[in-house]
Amino acid sequence: MKSVVAVGAQWGDEGKGKVVDYLAGSFDYIARVAGGHNAGHTVIIGKERHVLQLIPCGILRPKQHAIIGPGVVVDPSALVGEIEMLAKGGISVAGRLHISNRAHLIFPYHRELDKAAETARGTNKIGTTSRGIGPAYEDKMARRGLRMVDLLTPELFREKAARVVAEKNRIAQGAYGASIDFSADVEETLKLGEKIKSYICDTAELTNRALDEGKSVLFEGAQGTMLDIDHGTYPFVTSSSATSGGATTGMGVPPTKIRHVLGVSKAYTTRVGGGPFPTEMPDLEAKEVRERGKEFGAVTGRPRRCGWLDLAELRYAKMINGIDTLAITKLDVFDTQREIKIGVGYQYKGTELKEMPASAEEYERVTPVYKTLPGWCEKTYGLQDAAKLPKASLEYLRFVSDFLQVEIGMISTGPERDATIIQPGTLLARWL
Ligand code: GDP
Ligand code: IMO
Ligand code: MG
């Protein structure tokens, strides 16, 4: 059985889009299981640049199927926009896109509530993508969410929506002394539903059947381990399960059917939004890396915070996800870096920390312990062969691999599809 979860091992934007696109050619189904259009996955093929937010990158391959599982929250207008964007680029999703009938819907009022909640948090704001992700998952957990399946029977949809609107308005009246008019949202969503209803199906049946028939499935993670609702830097996290376990609940595929976990990490670390980030670089250094790595959000355009690779964080990500092979992206961004620092642990109040702090306040105050390695000051950009990598870059990678006790199966040396090195003899190489 060939089933692999590709998971972000840091705070998102690790280059999952690039890595999944590369591997997608060797899989039959590519599936998203969590998050929504807060994700932005960039794929560069020749001169074309695609940023996918909801539809898995596999859709860019000619024959692959793309699945949006029940764990995803879908904004129908974002989805229709993405389908139309792909169509303009000559990519048809017909017969290849499958959306779970159990996936929850994001309404325009979720976006409004997201923004209002951020404003109310003031200086403690999370820095969300303001796509309505948190409020939509809140409604799901409060058991008042509307789902894809509801779009299939408009009369029932209107009835259910009226009940939700009444409940929401009771809350809004209490909280803000005003009610909100959601009626336009309901009709607008039904109209969009007409455009997507042909893709709605039971994706757990589809995916399990595919695996039983010997087809291969690649789960495309969104966000990253440290943004996971349970394991991340709470409350500076997203509202879904961004770790490998999320693939089982977020699709309805049992853990026994998932064979491998691929962790994706940059050669350094970035984070968008608020929250602790122990190995964050001082402004000037961060600016250089940001410019070289073009570290601006694929969705919001916000400058990403930049820092050194944090092996204490990656060790934790390896444990939580069960990572058995790693893809290291953006090695080329260090091509002109004279010395490279690498976080190997944390100290808190002068003592070495053995575990990841659960409290964001404590994590904010840890001091990273660094090891400094020499840079290679040579071009790795675009390399496709590990034998051509400069010695110092191989030493950097070996240090990471030895520390984490995990193989590095893929090294990405540029944003383009073919700027990729596959390490022969690794687990990852066997999937191709
Ligand atoms: P994702 O959310 O994990 O898919 O990552 P994003 O697409 O949001 O951000 C990763 C950015 O890095 C994108 O702009 C990619 O085109 C770019 N990228 C990916 N891999 C590499 C690489 O190896 N080198 C360079 N220079 N850029 C890369
Ligand atoms: P991909 O899949 C990076 C961050 C936001 C914010 C926090 C909560 O492209 O890696 P949300 O809108 O989800 O409620 O925001 O999570 N965030 C991401 N950061 N990459 C992402 O996705 C992200 N999705 C959410 O910046 O800090
Ligand atoms: Mg991204």
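Residues numbered from 1 in each chain as written. Chains lettered and ligands numbered in written order. Predicted model: local features only at pLDDT ≥ 70, side-chain atom pairs only at ≥ 80, totals over all residues. Heavy atoms only, no water.

1. A short note on helix H1 (residues 16-24)
In an α-helix, one full turn covers 3.6 residues, which means residues spaced three or four apart are oriented alike.
Step number 1: Burial analysis of H1 places 8 of its 9 residues in the buried class, the great majority of the element.
Step number 2: Turning to H1, its buried residues number three or more, namely Lys16, Gly17, Lys18, Val19, Val20, Asp21, Leu23 and Ala24. (Buried < 20%, exposed > 50% of the residue type's maximum accessible area, 1.4 Å probe, protein only. Helix = DSSP H or I, 4+ residues; strand = E, 2+ residues; numbered from the N terminus.)

2. Quick look at the environment of Ser179
Step number 1: Turning to its location among the elements, Ser179 is positioned in the loop between helix H6 (154-176) and helix H7 (183-196).
Step number 2: For Ser179, a relative accessible area of 46% puts it in the partly exposed group.
Step number 3: For the pair Ser179 and Cys377, spaced 198 residues apart in sequence, the C-alpha to C-alpha distance is 60 Å.
Step number 4: Every residue in contact with Ser179, bar those within four places of it in the chain, is listed here: Asn169 and Gln173. (Contact = heavy atoms within 4.5 Å.)

3. Some details on the site of ligand 1
Step number 1: As a structural note, the neighbourhood of ligand 1 is formed by 19 residues, with Lys16, Gly17, Thr42, Asp332 and Ser412 the closest of them.
Step number 2: Within the contact set of ligand 1, an oxygen atom lies 2.8 Å away from a backbone nitrogen or oxygen of Gly17.
Step number 3: Taking 580 Å² as the accessible area of ligand 1 by itself, protein coverage stands at 93%.
Step number 4: Counting only elements with at least two residues in the shell around ligand 1, the list comes to H1 and strand S3 (41-45).
Step number 5: A class-by-class count of the residues in the shell around ligand 1 yields 4 nonpolar, 8 polar and 7 charged. (Near = heavy atom within 4 Å. Polar contact = N/O pair within 3.5 Å; in protein donor to acceptor, adjacent residues only side chain to side chain. Areas by Shrake-Rupley, 256 points an atom, 1.4 Å probe, with all protein chains shown as cover. Nonpolar A, V, L, I, M, F, W, Y, C, P; charged D, E, K, R; others polar.)

4. Structural notes on the site of ligand 2
Step number 1: Around ligand 2, a shell composed of 20 residues is seen, among which Asp13, Lys16, His41, Thr129 and Thr238 lie nearest.
Step number 2: Residue Asp13 places a main-chain N or O atom 2.8 Å away from an oxygen atom belonging to ligand 2.
Step number 3: A distance of 2.9 Å separates an oxygen atom of ligand 2 from a polar atom in the side chain of Asn38.

5. Topic: the environment of Val217
Step number 1: On the secondary structure map, Val217 appears in strand S10 (residues 217-220).
Step number 2: Put simply, Val217 and Val20 are 197 residues apart on the chain and 11 Å apart in space, counted from C-alpha to C-alpha.
Step number 3: Discounting residues that sit within four places of it in the chain, Val217 has contacts with Lys2, Ser3, Val4, Phe27, Tyr29, Thr207 and Leu211.

6. Comments concerning the pattern of salt bridges
Step number 1: Enumeration according to the criterion identifies 25 salt bridges in this entry.
Step number 2: Between Arg111 and Asp75 there is a salt bridge; the shortest N-O distance is 2.6 Å. One end of the pair, Arg111, is in helix H3 (residues 108-121); the other, Asp75, is in the loop between strand S6 (73-74) and helix H2 (76-88), with 36 residues separating them in the sequence.
Step number 3: Arg111 sits in the partly exposed class, given a relative accessible area of 23%.
Step number 4: Among the salt bridges present, the one from Arg158 reaches Glu155, with a minimum N-O distance of 2.7 Å. Residue Arg158 and its partner Glu155 are located together in helix H6, separated by 3 residues, close to a single helical turn.
Step number 5: With a relative accessible area of 32%, Arg158 lands in the partly exposed category.
Step number 6: Members of the salt-bridge network, linked through shared partners, are Asp13, Lys266, Glu295, Arg304 and Lys330. (Salt bridge = Lys/Arg side-chain N within 4 Å of Asp/Glu carboxyl O.)

7. A look at the coordination of the magnesium ion (ligand 3)
Step number 1: Looking at the magnesium ion (ligand 3), the protein donor atoms are Asp13 (OD) and Gly40 (O), and they sit 2.0 to 2.2 Å from it. You can see Asp13 sitting in the loop between strand S1 (3-8) and H1 and its partner Gly40 sitting in the loop between strand S2 (29-32) and S3, a full 27 residues away along the chain.
Step number 2: Overall, Gly40 belongs to the buried group, its relative accessible area being 11%. (Donors = N, O, S within 2.8 Å, 3.2 Å for Na, K, Ca; no water.)

8. Quick word on the side chain of Lys257
Step number 1: Assignment of secondary structure puts Lys257 in the loop between helix H9 (245-251) and strand S11 (260-266).
Step number 2: Excluding anything up to four places from it in sequence, Lys257 contacts Met1, Ser3, Asn208, Leu211 and Asp212.

9. Describing helix H4 (residues 133-141)
Step number 1: For H4, every residue scored as buried is listed here: Ile133, Gly134, Pro135, Ala136, Tyr137 and Asp139.
Step number 2: Just downstream of H4, Arg143 is the residue with a positive phi angle, here 65°.

10. Here's the deal with the nonpolar core
Step number 1: Counting 55 residues, the largest nonpolar core has Leu23, Ile55, Ile68, Leu79, Leu97, Met148 and Leu262 as the members making the most contacts within it.
Step number 2: Take this core: its biggest share by element is 5 residues, from H2. (Core = buried A, V, L, I, M, F, W, Y, C linked by side-chain atoms within 4.5 Å.)

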